[in-house]
Each structure stands twice: as structure tokens, then as C-alpha cells.
Amino acid sequence: MEEILLQADLTAVAPGRLSADLAHELAILAEVESAGGATVYRFTERSLRRALDTGRTADDVRAILEARSRTPVPQTLTYLVDDVARRHGRLRGGAVSCFLRSDDEVLLSEVLAHSAAEELGLRRIAPTVMVSSLPLAEVLDGLRAAGFSPAAEDAGGAVVDLGPKGRRTEPRLRRGTRDAGRVVDRSPTNRAEELVERLRAGDRLAGVRDSVAGRRELTGATGNLASLQEAVREGRTVWIGYVDAHGVAGDRVLAPVSVGGGYVEGRDALDGELRRIQLHRITSIAPVDAGAEQPAGRDQARG
């Protein structure tokens, strides 16, 4: 059978067995609502989007319906096809392996005009951005061979070396090397002292947890903000329980120095490092006793 009956309720009735071509078209354009002696198909936004995803246009869909229907195409169905087609594809996605960017639009035009651009699969998606499906290292090598001088960058915009000898990890500090203008001593004695300090820091954290166990405040975002602002004003140290981006619970003892922009920033009472925690991840707060918040110094670790 080569024809269907379109109805005003966005359905189509196939009175008998359809030909393979028509059955294939309807499987893309509509959903089967009921099967039996006569099969009923329903046209929906989802089914019409599926048809448009295959590359068909609104004109293609209307032409198929007009050619295959024994009855006139209902206006309601025409409106639905046009509405779905108007919104379809306004947001586009594609697979790319790397990008090239430059504030110099003329330079990007020169790159695209070069014969190497086609070989490298480069295409422009914005006045200052091009993309390619090839790996970045291959694209950069091709551009350098063509006489250009591109550079690779990381997520922060810093230049990185993609060559086989490029440094990918921070160098491991050795005994006697300089770090931030000072000589780093990695002697066994100092490593042992560091280990002792870390163990004692863990003991101090455990003691702080015990001291605040009964005083944790589950205050919510507004209460957390007020508690932290008060701690900044009064120079108090607080215990903070939080959940990280992976949903894992943790805690820190901080002396807050600033609160704002969705973060609390403060000195870690155990190692003195500056830490930042997002306010919306904080689950509980408690004040810390003055005697429990001071980390032991190097002299205490030796003792």
C-alpha cells in the first residue's frame, strides 16, 4: 500500500500493509500509536525532530505528506512541522580535536587562504577562532611548515611545549636545589621532621573534631555566611565541614580572612596554607577553642 489517511488530531491511519519505502518514511516521521488491521501513527515534536535530524527540511516533510496522503494535509500538522523546523538546529554541535585563535582576524584569513588549511581541515567558526578535527600537534606542525609561527596554550592561556622533549610535569626537587629563592634541604633529618609534623597535625585535627563534635551548626547558606563574617571580624578560628565536587565529605580548620564572591578564604590552622572553600559546599560550622587551633612548630615536633 502506498497511501495513508492524515487526520486533524495529528495522526495518520494506514488501512493495510504499507510498502517498504512508505513504512520506512513513517517510522522516521511518526510514532506507532496502535497496530492491528489498521496501523495508527502519531506525529509529535519528538518524531519530527528525529526526521529533521536526518537532514530533511520542513519542505521535504510537507512534500512527503502531500504525496503519500489520500486526504489533504491538516493545517494543525502543517503548523507543527513549521514550528519544529523553526526551532531545530538553532544550537549546533560538532566534533573537533583542537582550535586556533588570534586577535588578528587578517592573520586567520591568511591561514585559511593557504593551501595547507584544507589539508589540516581548518574551518572558521568565529571571526577570531578556527577549529580542526586533527590533533593540535599535527596542526601546529603543518602551519609551521607553511611558514606560520603558532604556539600551543593551556586552559589559562599560558604557552606549553607539545614537543617530544616538552616538560609535562614539575621537576622533582633534589637536595640543595633552589625553590622560590631559597635552598631546599631534602636531608633525611628534615624529611623525618616533616613526617613527624604531619602525624602531629593529624592528631591535632582529630582533637579539634572531638572538641567541636557537639557544637556543629547546620545553618544553611545564609547562616554560614553570617558565621564566617563574624569569624573574620573577631579573628576567630572555625571548624568547617563541607562536601567537595565529587560528593566526598571533608573538613578543615580555618582562620577566615575574607568572605565574598561565593568563597571563604582563610589560613589553614594546621599548615598555615591559604585555602578557599565554596560557600554552597559548606554543610556545618563550629567555633574552635583557642587552645586547639594552634599548630605545633618545628621545635615541638623535635620534642
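Asks: Which residues make up the pairing of strand β6 (residues 123–126), and what are the values?
Replies: In this structure, β6 lies alongside strand β7 (residues 129–132), joined through three bridges in antiparallel fashion. Among the inter-strand pairings, Ala126 is bridged to a residue of β7, identified as Val129. Where β6 hands over to β7, the hairpin turn is made up of two residues, counted between the paired strands.

Asks: Describe in detail the side chain of Ser102, supporting the description with residues and values.
Replies: With respect to the helices and strands, Ser102 occurs in the loop between β5 (98–101) and α5 (105–113). In this structure the side chain of Ser102 is engaged in a polar contact, spanning 3.1 Å, whose partner is the backbone nitrogen of Asp104. Apart from residues lying up to four places away in sequence, Ser102 is in contact with Leu107, Leu108 and Thr128.

Asks: Kindly report on the packing of helix α2 (residues 45–53) against helix α4 (residues 75–87), identifying the contributing residues and their values.
Replies: Orientation of α2 relative to α4, taken along the N-to-C sense of each, is 60°, at an axis distance of 10 Å. By the angle between their axes, α2 is oblique relative to α4. Crossing handedness for the pair α2 and α4: right-handed. Across the interface between the two elements, Glu45, Leu48, Arg49 and Leu52 of α2 pack against Leu80, Val81, Val84, Ala85 and Arg87 of α4.

Asks: Report on the sheet that holds strand β16 (residues 282–287), specifying residues and quantitative values.
Replies: Reading across the sheet, the five strands line up as β15-β14-β13-β12-β16 and stay open at both edges, with antiparallel pairing between neighbours. The open sheet has two edge strands, β15 (274–278) and β16, and neither has a second partner. Adjacent strand axes in the sheet meet at a mean angle of 45° when their direction is disregarded.

Asks: Summarise a negative patch on the surface; cite the residues concerned and give the values.
Replies: Residues Asp103, Asp104, Glu105 and Glu110 make up a contiguous surface patch of negative charge. Structurally, the position occupied by Asp103 is in the loop between β5 and α5. On the basis of relative accessibility, which here comes to 73%, the residue Asp103 falls in the exposed class.

Asks: Give a detailed account of the pattern of salt bridges, specifying residues and quantitative values.
Replies: Using the criterion set out here, one finds 18 salt bridges in the structure. Put simply, Arg70 and Glu3 hold a salt bridge, and the shortest N to O gap is 3.3 Å. Taken together, the residues span a long stretch of sequence, with Arg70 in the loop between α3 (58–68) and α4 and Glu3 in the segment before β1 (5–6) at a distance of 67 residues. We note a salt bridge from Asp83 to Arg86, for which the minimum N-O separation is 2.6 Å.

Asks: Summarise the pairing of strand β12 (residues 238–243); cite the residues concerned and give the values.
Replies: The buried count for β12 comes to five of six residues, which makes it a mostly enclosed element. As paired strands, β12 and strand β13 (residues 249–260) are joined by six bridges and run antiparallel to one another. Its bridge partner being in β13, Val243 is matched across the sheet by Ala249. The turn linking β12 back onto β13 is made up of five residues, and Gly247 within it adopts a positive phi angle of 85°. Inspection of the sheet shows β12 paired to β16 by five bridges, in the antiparallel sense. Residue pairing across strands places Trp239 opposite Ala286, the latter belonging to β16.

Rules used throughout
- Residues numbered from 1 in each chain as written.
- Predicted model: local features only at pLDDT ≥ 70, side-chain atom pairs only at ≥ 80, totals over all residues.
- Heavy atoms only, no water.
- Pairing = 2+ DSSP bridges.
- Helix = DSSP H or I, 4+ residues; strand = E, 2+ residues; numbered from the N terminus.
- Polar contact = N/O pair within 3.5 Å; in protein donor to acceptor, adjacent residues only side chain to side chain.
- Contact = heavy atoms within 4.5 Å.
- Axes fitted to C-alpha atoms, helices over the stretch in contact; angles between N-to-C directions.
- Parallel < 35°, antiparallel > 145°, perpendicular 65-115°, else oblique.
- Left-handed = near helix turned anticlockwise from the far one by under 90°.
- Patch = residues over 30% accessible without salt bridge, like charges linked within 9 Å, V, L, I, M, F, W, Y side chains within 5 Å.
- Areas by Shrake-Rupley, 256 points an atom, 1.4 Å probe, with all protein chains shown as cover.
- Salt bridge = Lys/Arg side-chain N within 4 Å of Asp/Glu carboxyl O.
- Lys, Arg positive; Asp, Glu negative; His and termini not counted.
- Charge placed at Lys NZ, Arg CZ, Asp CG, Glu CD.
- Buried < 20%, exposed > 50% of the residue type's maximum accessible area, 1.4 Å probe, protein only.

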